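Okay, here's what each chain looks like letter by letter:
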Number of protein chains: 2
Amino acid sequence: MKTSLDCIPCFTRQALDAARMVSDSPAVHEEIVRRVMSMAARMDFSQPPPVVGQKIHRIIRVLTGVDDPYRQVKDRFNRFALELYPGMKRRIACSADRFETAVRLAIAGNVIDLGLKSEVSEAEVERAIEEALAAPLPTESIVGLRESIAQADDILYIADNAGEIVFDRLLIEELLPKRVTVAVRGHAVLNDATRADAEAAGLLDMVEVIDTDSDAPGTVLTDCSDEFLERFARADLVLAKGQGNYETLSDADAEVFFLLKAKCEVIAEDIGCEPGSVVVRRNRGRERAASNVTE
Amino acid sequence: MKTSLDCIPCFTRQALDAARMVSDSPAVHEEIVRRVMSMAARMDFSQPPPVVGQKIHRIIRVLTGVDDPYRQVKDRFNRFALELYPGMKRRIACSADRFETAVRLAIAGNVIDLGLKSEVSEAEVERAIEEALAAPLPTESIVGLRESIAQADDILYIADNAGEIVFDRLLIEELLPKRVTVAVRGHAVLNDATRADAEAAGLLDMVEVIDTDSDAPGTVLTDCSDEFLERFARADLVLAKGQGNYETLSDADAEVFFLLKAKCEVIAEDIGCEPGSVVVRRNRGRERAASNVTE
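As a convention, each chain's residues are numbered from 1 in the sequence order in which they are written. Chains and ligands are labelled sequentially in the order written, the chains with letters from A and the ligands with numbers from 1. Reporting of local features is limited, given that this is a predicted model, to residues whose pLDDT is at least 70; pairs of side-chain atoms are given and counted only at 80 or more, and all residues count toward the totals for whole chains, interfaces and linings.

A.B. asks: Could you give an account of unusual backbone geometry, naming the residues involved and the relevant values?
C.D. replies: All names here are of chain B. Its identity as a non-glycine residue notwithstanding, L176 has a phi of 65 degrees, on the positive side. Helical segments are the DSSP runs of H or I of at least four residues, strand segments are the runs of E of at least two, and each set is numbered from the N terminus. Structurally, L176 can be placed in the loop between α8 (164-174) and β2 (180-184). Any residue surrounded by 20 or more other C-beta atoms within 10 Å of its C-beta is treated as buried, while 12 or fewer makes it exposed and the intermediate range makes it partly exposed; C-beta atoms here are placed from the backbone. Accessibility expressed as a C-beta count within 10 Å gives 12 for L176, which makes it exposed.

And the structure:
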């Protein structure tokens with residue numbers, strides 16, 4: 001998916017957010033915003049938004065010398081999600097359809113995304129849980145996902161954000177973890193999950209965790225390691241969480257199920273849904289152009 | 001008031017809004033956004049936001065050859081406000097305090113500002129009227145304004161936006177129009193009111209209408225004509241509507257009453273109020289540093 005001009009105001013805000021996390025100096029904030037605008041003025045809009053995000057957050061790291069501006073925020077969301085975890089686990093256990101409840105909760109966790117807005121409150125996360133559990137979701141989409149999972153021996157689950165990855169654990173636990181590999185970002189960028197967050201979520205003892213070896217806030221295949229690409233190609237099924245993974249993989253020649261909340265108008269329009277929707281979307285790879293299914 | 005880094009995302013969105021109003025070509029939209037970002041990357045943030053807005057909208061006019069991108073939008077808001085006018089006039093006539101009701105309605109009209117967001121619906125305008133009539137507004141601020149008006153022989157009323165200028169007419173009619181001069185922008189910029197909008201609002205037969213001779217979406221004194229500056233200096237009282245006029249005149253050495261809705265966090269913080277507030281604020285000019293009153 002290419003970058004929309006509507007993404008630009010959001011990039012500028014992201015740069016300012018990150019700048020303020022790592023420095024109290026207005027001069028540093030200003031320098032970062034100027035550099036980001038100057039870069040954005042020359043960028044290639046045919047690339048997906050995470051490619052631009054990758055460049056912005058590199059600028060911020062270089063200018064501030066801070067390798068992981070969102071570390072504290074990520075820790076806070078991991079802790080908060082772990083507090084919610086036992087309650088969510090009980091809701092899954094008591095539900096009529098454990099799998100569907102786990103899918104909905106995993107998608108609810110996708111609200112923890114600081115690419116879209118400067119702050120996400122704990123109340124918003126709790127509200128997102130209730131909304132995702134009640135949201136309309138076509139039966140076919142859950143059936144299609146369930147069938148594909150039933151047939152898969154090797155599932156690659158590409159995580160998105162810190163905090164959210166604890167919600168992902170709930171779904172992974174329903175998938176028979178031994179056939180699941182979880183992929184995280186190769187380097188800190190935005191509030192995206194890295195190996196440290198997979199560890200915080202308790203995933204290291206449960207599944208194999210790999211990383212993309214990339215510092216893009218999405219899965220830019222041309223920027224991923226050969227090891228990741230080999231796992232990506234070998235998987236019977238790829239589950240990709242969140243907007244950044246959708247933006248970078250929606251045109252990929254691979255069968256991917258995307259699980260996300262469509263949090264902005266740009267992505268909602270690309271998917272063909274209302275902003276705020278709970279989305280389970282299947283991308284059939286080569287068949288996609290002929291029989292694209294928005295489920 | 002200087003430009004905040006938080007204004008930058010808003011400028012980018014403004015540029016895109018205006019670009020889409022005048023062209024269906026994505027290539028033109030892209031060129032405008034690139035040029036605006038490139039300019040913004042080098043701009044002087046110590047200047048008020050309307051100075052940046054002025055440059056942005058000049059870029060758009062030059063690149064598209066369209067002199068007044070918001071003309072249709074302005075006509076629509078003028079028509080809608082004129083439809084509301086008789087009902088608002090009745091509300092003033094039936095109110096316990098005609099003057100205060102007219103002040104509140106004039107401020108309600110300030111919601112018609114496309115600098116802050118891409119669209120303003122008719123429902124939002126109607127909601128703003130009810131909110132402004134019910135909003136808390138310290139008695140002192142209305143008393144201070146009323147007293148200053150009672151003592152003034154020569155009032156300069158600096159209008160802000162099209163549509164809103166019909167709401168201004170309601171207040172001007174309460175002020176003894178013969179002592180009022182209305183000032184509008186000297187050239188089309190954003191959805192700001194020009195002479196054409198003063199005419200549409202029926203003001204040309206009621207008061208003298210002058211313009212700033214500037215294409216800034218505010219009152220940048222260094223960019224205004226000598227004629228305007230002479231009137232500004234001569235006025236016993238200046239009433240300035242809206243954010244753009246506040247941003248450019250809040251540090252001026254002049255006694256000005258600002259009437260506005262504080263629609264974004266940047267301006268709310270500068271004023272010291274909650275975003276969304278109905279604001280009557282007096283700037284005492286030279287005395288200001290010693291006895292600044294937020295009323």
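A.B. asks: Got a sec to walk through the sheet that holds strand β1 (residues 155-158) of chain B? Specific residues and values, please.
C.D. replies: Residue and element names in this part refer to chain B. DSSP-based pairing: two strands are paired if at least 2 bridges between them are found. An order of β3-β2-β1-β4-β5-β6 is seen for the 6 strands of this open sheet, with the pairing classed as mixed. Looking at strand neighbours, the two that pair on one side only are β3 (208-211) and β6 (278-284), the edges of this open sheet. Along the sheet, successive strands turn relative to each other by an average axial angle of 20 degrees, direction set aside. Inspection of the sheet shows β2 paired to β3 by 4 bridges, in the parallel sense. Pairing of T181 across the sheet is with E208, part of β3. Axis definition: a line fitted to C-alpha atoms, limited for helices to the stretch in contact. Angles are taken between N-to-C directions and run from 0 to 180 degrees.

A.B. asks: Report on the interface of chain A and chain B, specifying residues and quantitative values.
C.D. replies: At the junction of the two partners, chain A supplies 16 residues and chain B supplies 16 residues. For the side of chain A that touches chain B, the secondary-structure elements that each account for two or more residues are α1 (7-22) and α2 (26-40) of chain A. Here the side of chain A that touches chain B gets 7 residues from one element, more than from any other, and that element is α2 of chain A. Tallied by class, residues from the side of chain A that touches chain B come to 9 nonpolar, 3 polar and 4 charged. Any pair of residues counts as being in contact when their C-beta atoms, constructed from backbone geometry, are within 7 Å of one another. Three classes are used: nonpolar for Ala, Val, Leu, Ile, Met, Phe, Trp, Tyr, Cys and Pro, charged for Asp, Glu, Lys and Arg, and polar for all others, with Gly counted as polar.

A.B. asks: With reference to specific residues and values, describe the sheet that holds strand β5 (residues 255-261) of chain A.
C.D. replies: Residue and element names in this part refer to chain A. Taking strand neighbours across the sheet as the criterion, the 6 strands line up as β3-β2-β1-β4-β5-β6 in an open arrangement whose pairing is mixed. Looking at strand neighbours, the two that pair on one side only are β3 (208-211) and β6 (278-284), the edges of this open sheet. Neighbour-to-neighbour, the strand axes of the sheet open up by a mean angle of 20 degrees, direction not taken into account. Sheet analysis places strand β4 (residues 237-241) next to β5, joined by 4 bridges and oriented parallel. When the sheet's bridge partners are listed, A240 is paired in β5 with F258. Each of β1 (155-158), β4, β5 and β6 touches helix α7 (residues 139-151); the most contacted strand, β6, lies at about 55 degrees to it.

A.B. asks: Would you mind going over the packing of helix α1 (residues 7-22) of chain B against helix α3 (residues 49-64) of chain B in detail, with residue names and values included?
C.D. replies: Residues and elements named next belong to chain B. Between α1 and α3, the shortest axis-to-axis distance is 10 Å and the interhelical angle comes to 25 degrees. Comparing their axes, α3 and α1 come out roughly parallel. In this structure, the crossing between α1 and α3 has a hand that is right-handed. On α3, the residues that touch C7, F11, Q14, A15, A18, A19 and V22 of α1 are P49, V52, G53, I56, H57, I60 and T64. Each residue belonging to the contact of α1 with α3 can be placed in one class, and the counts come to 10 nonpolar, 4 polar and no charged. When an angle is under 35 degrees it counts as roughly parallel; over 145 it counts as roughly antiparallel; between 65 and 115 it counts as roughly perpendicular; any other value is oblique. Helix crossings are classified by the rotation of the near helix relative to the far one: an anticlockwise turn of less than a right angle makes the crossing left-handed, while a clockwise turn makes it right-handed.

A.B. asks: Kindly report on α8 of chain B, identifying the contributing residues and their values.
C.D. replies: All names here are of chain B. With 9 of 11 residues buried, α8 lies mostly within the body of the structure. Among the residues of α8, E164, I165, V166, F167, D168, R169, L170, L171 and I172 are the ones counted as buried. Packing partners of the buried residues in α8 comprise α4 (71-94), α5 (98-108), β1, β2, α9 (195-200) and β4 (237-241).

A.B. asks: Could you give an account of the relation of the copies chain A and chain B, with specific residues and numbers?
C.D. replies: For the pair chain A and chain B, the relating rotation is 180 degrees, the translation along its axis is 0.0 Å, and the fit reaches an RMSD of 0.0 Å. The transformation just described matches what one would write down for a two-fold rotation axis. Relative to the rotation axis, the C-alpha of P9 of chain A is the closest in chain A, positioned 2.1 Å from it. Comparing contact sets, 100% of the residues at the interface of chain A also lie at the interface in chain B, consistent with an isologous, same-surface contact. Copies are brought into register by a least-squares superposition over C-alpha atoms of residues with pLDDT of at least 70 in both.

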